[in-house]
Every structure is written in C-alpha cells, then in structure tokens.
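Coordinate inspection notes
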Amino acid sequence: MKDDIYFMKEALKEAENALLLDEVPIGCVIVLKDEIISRACNKRNTDKNAISHAEILAISEACKVVEDWRLEECAIYITLEPCPMCAGAIVQARIKRVIFGANSVKAGCGGSIINLLEREEFNHRCVVERGILEQECSQYLSNYFKQMRKIRSVKNG
C-alpha cells in the first residue's frame, strides 16, 4: 500500500511541471483507493485564468473520472496549503482527506489564516494532515520566488 510520502512526491512532480510552464510550482494529486485518479499543476498564467489552480483542475478531472461531483472517498495531496477558493472547492467536493506540504502564511485556509477545511459550521469537514514533505515543498516555492526576484531586479536594474 502506498503512503502519504509516496503521493506527496507525486504532487511534487506536478510542481516540477508547473516550473516548466513558468508557473508558481504548486502540484496536486487526487487519490481513490490507493490510486491516483487525477493530477494537476498550477496553470494560472498558462490558461490566463484566475481559477486555474492545481486543486481546481485536479478536482474537475477527478469528478469526470468518478462521474460525480462528490469525491467522498478521495484524498487530495497538495504541495501548498489551499487558498480560500481551493479550500472551498475541496469542502464542496466532500473530499475526505486533505494532505498538504508547506503552509501558506499569506493565503492558507487549512489553518494558517483560517481553517475552512475543518469548520464545524459546514456540512462537511475534512481530515487534514499538515507538513508532509514540508521542507521539499517549501524549497520549490522559495527557489522559484528567489529566481523571480533576480529576474525582476535584472529587468529593473
């Protein structure tokens, strides 16, 4: 049986794909019965669409695979804590488990700013695992933003 580390490494592969597209390196996989049923990376710049986050794209694909909007038996692995939009979509899709790597102190809605995933007031609450391969997930993001700052300073310099 595959474990959380295995699936987070698969999400990191998606983050690598985002880098190849010159996107913020965020990756996601959705798992059902120990098998990946969808995978995606951030594609906001590629799609020129504010909602083309890895989670939204992966949820959309997973719904097609299971032929339902409910993903009640699924787990979602994300390299970065979900934003408000993605956390809302995860709750709406009734995803059972949410596993993420790095915290997002500026937009995280899995506990950093607010916890939309486990709110008692909602009709669905997820089981949340935080910090899986946190160092690796954080490193992708920090390297990307360091590179972007270098590029901007050369352009503005």
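Structure: above.
This report concerns the structure included in the present document. (Residues numbered from 1 in each chain as written. Predicted model: local features only at pLDDT ≥ 70, side-chain atom pairs only at ≥ 80, totals over all residues. Heavy atoms only, no water.)

The subject of this paragraph is the overall build of the chain. Looking only at helices and strands, the chain has 5 helices and 5 strands in total. Starting at the N terminus, the α and β elements of the chain follow one another as α-β-β-α-α-β-α-β-β-α. For the chain, whose C-alpha radius of gyration is 15 Å, the value lies close to the compact-globule estimate of 15 Å for 157 residues. Taken along its principal axes, the extent of the C-alpha atoms in the chain is 50 × 30 × 30 Å. Residues classed as buried in the chain amount to 45% of the 157 residues present. Expressed as a percentage of contacts within the chain between residues at least 6 apart in sequence, the contacts between residues at least 24 apart total 57%. Split by element, the accessible area of the chain, about 8,600 Å² in all, is 51% carbon and sulfur. Here the chain contributes 22 positively and 23 negatively charged side chains, and the mean placements of these two sets differ by 6 Å. (Helix = DSSP H or I, 4+ residues; strand = E, 2+ residues; numbered from the N terminus. Rg over C-alpha atoms; globule rule 2.2 N^0.38 Å. Buried < 20%, exposed > 50% of the residue type's maximum accessible area, 1.4 Å probe, protein only. Contact = heavy atoms within 4.5 Å. Areas by Shrake-Rupley, 256 points an atom, 1.4 Å probe, with all protein chains shown as cover. Lys, Arg positive; Asp, Glu negative; His and termini not counted. Charge placed at Lys NZ, Arg CZ, Asp CG, Glu CD.)

Before going further, it helps to examine unusual backbone geometry. Phi angles above zero are rare outside glycine, and D34 is one such case at about 70°. Take D34: it is sitting in the loop between β1 (27–32) and β2 (35–41). Positioned with a positive phi, E67 is a non-glycine residue whose angle comes to about 60°. Mapped onto the elements of the fold, E67 is located in the loop between α3 (54–66) and β3 (74–80).

Right, let's talk about the layout of surface pockets for a bit. Roughly 520 Å³ of internal volume is contained in the largest pocket. Around the largest pocket, the lining comprises 20 residues; the ones closest to its centre are I26, L80, S104, L141 and F145. Here the lining of the largest pocket takes 3 residues from helix α5 (residues 134–156), the largest share from any one element. Residues that form the lining of the largest pocket fall into these classes: 11 nonpolar, 5 polar and 4 charged. What the second largest pocket holds in volume is close to 240 Å³. If you trace the second largest pocket, you find 15 residues lining it, with V31, D34, A75, Y77 and R97 closest to the centre. Among the elements of the structure, α1 (4–20), β1 and β3 are those that each provide at least two residues to the lining of the second largest pocket. Tallying contributions element by element places β3 first for the lining of the second largest pocket, with 3 residues. (1 Å grid on protein atoms, 1.4 Å probe; cavity = no way out; pocket = protein on both sides within 12 Å on 5 of 7 lines; lining within 4 Å. Points joined across faces, edges and corners; volume = space filled by probe spheres on them. Nonpolar A, V, L, I, M, F, W, Y, C, P; charged D, E, K, R; others polar.)

Bringing the pattern of salt bridges into the picture now. Overall, the coordinates contain 10 salt bridges when judged by the stated rule. With a shortest N-O distance of 2.9 Å, R97 and D4 are connected by a salt bridge. Taken together, the positions of R97 in strand β4 (residues 97–102) and D4 in helix α1 put the pair 93 residues apart, joining distant regions of the chain. E118 is the salt-bridge partner of R130, the closest N and O atoms lying 2.8 Å from each other. With R130 in strand β5 (residues 127–130) and E118 in the loop between β4 and β5, this residue pair connects regions lying 12 residues apart in the sequence. (Salt bridge = Lys/Arg side-chain N within 4 Å of Asp/Glu carboxyl O.)

Let us look at the sheet that holds β2. Strand order in the open sheet made by the 5 strands is β2-β1-β3-β4-β5, with mixed pairing throughout. Sheet topology places β2 and β5 at the edges, where each strand pairs with a single neighbour. The sheet shows a mean angle of 15° between the axes of neighbouring strands, direction not considered. Judged from the 4 bridges that link them, β4 and β5 form a sheet pairing that is parallel. What sits directly across from F100, in β5, is R130. (Pairing = 2+ DSSP bridges. Axes fitted to C-alpha atoms, helices over the stretch in contact; angles between N-to-C directions.)

Function cannot be inferred from these measures alone, as they are strictly geometric.
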